[in-house]
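# Understanding the architecture of this molecule
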Amino acid sequence: MMMLFSCKVSTEKGKEKLDDAVTNMSNQIEMMKDTEMRNAVEGLFGLGSTPDFSKDNFSATPQNIQKIIGVGYAMKETFVNKYSFFSTQKIGDEQFSLTQHAGTYTWNKTTEDWDFQSTPTDKVVVLFPSKNSSSNDCRFEWSKYQEVKSTDGFYLPTVIYAELFKDDKTIAVVDVEVEYNLATEIPKMVKFYLELTPVKFKLDYTFENKIAKFSASVKKGSKKINEIDAEITFTNEEMYDVVSGSGTYKMYDVEKSRLILKIVFEFEDGFDKDCASFNELASIKLYTSSNRLIGEIQCDDNDECGMIIVFNDGQTKDVCYYFDKMEREIENALDDF
């Protein structure tokens, strides 16, 4: 009896921990706003035109600007939109080569346009000012890009590497490696790394024998902020229907790297049929840093939100109550983003 009690916390303590988690999410957004990457990107977006990565037609045109604002248009086209894992849109029926767009694109403050130089020949370099800067103190270098042709003839990115510098100091890095099932165009391995100094994002993902496994983390310097490990089983290699899954999510304090909240979940086939099935076949439990149970999330047809947190003493709270608080915190944090 004593051991059972020690593995749980009171409802009031549990609510306090959930409130701490909401506040910490806001603090994480504030931390993101302080990265130098934001200052650099705001400077680029404020120029009024973006480089046209075409040697034969250098000047930035309204048509190009309307497509996607930012230095990463070519990267956006070849990375995000051609990733079948993130989007069903297929625009990769033509092969993309980084050397076709290689050279240096320099913002000319006097002409308010881009000057082009055909060197280097193996990467794209963009020189531009950060926000409120009078000089081109930022340098974007896109140095690696490879792709593979799928069975249906679409070109999919397999290697991407790019860096952003300010005053010759690295402030952002993207490093991506992907392997695909060429028949389905679904990634079977992804290694993704994104650094927005001092924040670091890392994802390791595999999909084999109908099972997707992924491990992701966010760090501030060497300190963990968020991490998740999960495994999802599908009915087939095309990831149409989910059969079962399990995983753990952990949120850490931004400044102290102290664990604030742990969520452990698992579910079996049929959990999404109705509330009764969810409560029977799915489990979402909330824990404190000391691994003491706060409560668990259940489905409730009689609740306006549809989902409730059931605390250890039987008291309940709408899940939407915390979602709404998170939404308000995020909106407040993003007001001046």
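Residues numbered from 1 in each chain as written. Predicted model: local features only at pLDDT ≥ 70, side-chain atom pairs only at ≥ 80, totals over all residues. Heavy atoms only, no water.

### Side note on the pattern of salt bridges
Formally: A pair is scored as a salt bridge if a Lys or Arg side-chain nitrogen falls within 4 Å of a carboxyl oxygen belonging to Asp or Glu. In this description a helix means any DSSP run of H or I spanning at least four residues, a strand means any run of E spanning at least two, and both kinds are numbered starting from the N terminus. Burial status follows relative accessibility: with a 1.4 Å probe on protein chains alone, a residue under 20% of its type maximum counts as buried, one over 50% as exposed, and anything between as partly exposed.
In the structure shown here, the tally under the stated rule is seven salt bridges. Notably, a salt bridge pairs Asp-168 with Arg-139, separated by 2.9 Å at the nearest N-O pair. Taken together, the residues Asp-168 in the loop between strand S5 (155-166) and strand S6 (169-181) and Arg-139 in strand S4 (residues 138-149) connect sequence positions 29 residues apart. Judged by relative accessible area, Asp-168 falls into the exposed class, the value being 64%. A salt bridge links Lys-224 to Glu-227; its shortest N-O distance comes to 3.1 Å. By relative accessible area, Lys-224 is classed as partly exposed at 32%. By relative accessible area, Glu-227 is classed as buried at 13%. The network of salt bridges with common partners includes Lys-123, Arg-139, Glu-141 and Asp-168.

### Some remarks on the side chain of Thr-11
This is how the line gets drawn: Any pair of N or O atoms that falls within 3.5 Å is considered a polar contact. Within protein, one atom must be able to donate a hydrogen and the other to accept it, and sequence-neighbouring residues count only if both atoms are side-chain atoms.
On the secondary structure map, Thr-11 appears in helix H2 (residues 11-33). For Thr-11, a relative accessible area of 5% translates into the label buried. Among the polar contacts made by the side chain of Thr-11, one reaches the side chain of Asp-313 at a distance of 2.6 Å.

### Re the confidence of the model for the protein chain
Which entries qualify depends on this criterion: Note on scores: pLDDT gives the predictor's confidence for each residue, bounded by 0 and 100. Working rule for contacts: check all heavy atoms of both residues, and any pair within 4.5 Å makes them a contact.
This prediction gives the protein chain a mean pLDDT of 81; 82% of its residues lie at or above 70. Confidence drops under a pLDDT of 50 for residues 1-6, and excluding neighbours within four residues, the segment shows two contacts in the predicted structure.

### Describing unusual backbone geometry
The peptide bond linking Thr-119 to Pro-120 adopts the cis configuration, its omega dihedral lying at 0°. On the secondary structure map, Pro-120 appears in the loop between strand S2 (113-117) and strand S3 (124-128). For the bond running from Thr-197 to Pro-198, omega is 10°, close enough to zero to count as cis. Residue Asp-167 is not a glycine yet carries a positive backbone phi of 50°.

### Things to note about the side chain of Glu-163
For Glu-163, the location among the structural elements is in strand S5. In this structure the side chain of Glu-163 is engaged in a polar contact, spanning 3.5 Å, whose partner is the side chain of Tyr-161. Those residues within four positions of Glu-163 in sequence are excluded, and the remaining contacts are Arg-139, Phe-140, Glu-141, Thr-170, Ala-172 and Val-173.

### Some details on a negative patch on the surface
This is how it is decided: To count toward a patch, a residue needs a relative accessible area over 30% and no salt bridge; like charges are then connected within 9 Å, while nonpolar side chains (Val, Leu, Ile, Met, Phe, Trp, Tyr) are connected within 5 Å. Working definition of accessibility: Shrake-Rupley area with a 1.4 Å probe, residue cover restricted to the visible protein chains. When charges are counted, neither His nor the chain ends are considered; positive counts come from Lys and Arg and negative counts from Asp and Glu. Where a charge lies is defined by one atom per residue type, namely NZ (Lys), CZ (Arg), CG (Asp) and CD (Glu).
A cluster of acidic residues, Asp-241, Glu-266, Glu-268, Asp-269, Asp-272 and Glu-280, forms a negative patch on the protein surface. Among the secondary structure elements, Asp-269 is positioned in the loop between strand S12 (259-267) and helix H6 (275-281).

### Considering the packing of aromatic side chains
To be explicit about the condition: Each pair of aromatic rings taken from Phe, Tyr and Trp, with Trp reduced to its six-membered ring, is defined by centres within 6.5 Å and is described as stacked if the planes are under 30 degrees apart, edge-to-face if over 60, and tilted in the remaining cases. Placement of a positive charge over a ring is assigned whenever Lys NZ or Arg CZ falls within 6 Å of the ring centre and within 35 degrees of the normal to the ring plane.
For the coordinates displayed, the defined rule picks out seven aromatic pairs. Here Trp-107 and Trp-114 contribute two aromatic rings whose centre-to-centre distance is 5.2 Å and whose plane-to-plane angle is 70°, an arrangement assigned as edge-to-face. By the burial criterion, Trp-107 is buried, and Trp-114 matches it. When the ring of Trp-142 is compared with that of Tyr-145, the centres are 6.0 Å apart and the planes differ by 80°; the resulting orientation is edge-to-face. The residues Trp-142 and Tyr-145 share a single accessibility class, namely buried. Three or more aromatic residues joined by ring pairs make a cluster, and in this case those are Phe-267, Phe-271 and Phe-278. Positioned above the aromatic ring of Phe-165, the side-chain terminus of Arg-139 is 4.1 Å from the ring centre. A cation over an aromatic ring shows up here: Lys-262 above the ring of Tyr-287, its NZ or CZ 5.3 Å from the ring centre.

### What about the pairing of strand S11 (residues 242-252)?
The cut-off we apply is this: DSSP bridges decide pairing: two strands pair if at least two such bridges lie between them.
Sheet topology places strand S10 (residues 223-234) next to S11; nine bridges connect them, and they run antiparallel. The partner of Ile-228 across the bridge, within S11, is Tyr-249. Relative to S12, S11 runs antiparallel, the two sharing eight bridges. By the bridge assignment, Met-251 is partnered in S12 with Leu-261.

### Some thoughts on the state of the cysteines
We apply this condition: Two cysteine sulfur atoms form a disulfide, by the criterion used here, when they sit within 2.5 Å.
As enumerated under the stated definition, the model contains two disulfides in all. Here Cys-275 engages in a disulfide with Cys-299; their sulfurs sit 1.8 Å apart. For the disulfide bridge between Cys-275 and Cys-299, the dihedral angle about the S-S bond is near -65°, and by the sign convention the bridge is left-handed. Here Cys-275 is found in helix H6, whereas its partner Cys-299 is found in strand S14 (residues 293-299), with 24 residues between them in sequence. For Cys-275, a relative accessible area of 8% corresponds to the buried category.

### Some details on the nonpolar core
For clarity, the cut-off: The set of buried Ala, Val, Leu, Ile, Met, Phe, Trp, Tyr and Cys residues whose side-chain atoms join them within 4.5 Å is what this entry labels a nonpolar core.
By size, the foremost hydrophobic cluster in this structure holds 41 residues, and its most contacted members are Trp-114, Phe-128 and Trp-142. The element that contributes the greatest number of residues to this core is S6, accounting for six residues. Listed in part, the 14 residues of the second largest apolar core include Val-9, Ile-260, Leu-261 and Phe-311.

### A short note on the pairing of strand S9 (residues 211-220)
Strand direction decides the pairing type here: strand S8 (residues 199-208) and S9, joined by 10 bridges, are antiparallel. Counted as the bridge partner of Asp-204 is Ser-215 from S9. Counting the residues between successive antiparallel strands, the hairpin from S8 to S9 contains two residues, one of them, Asn-209, with a positive phi of roughly 55°. Sheet topology places S9 next to S10; 10 bridges connect them, and they run antiparallel. Paired with Val-218 across the two strands is Asn-226, which belongs to S10.

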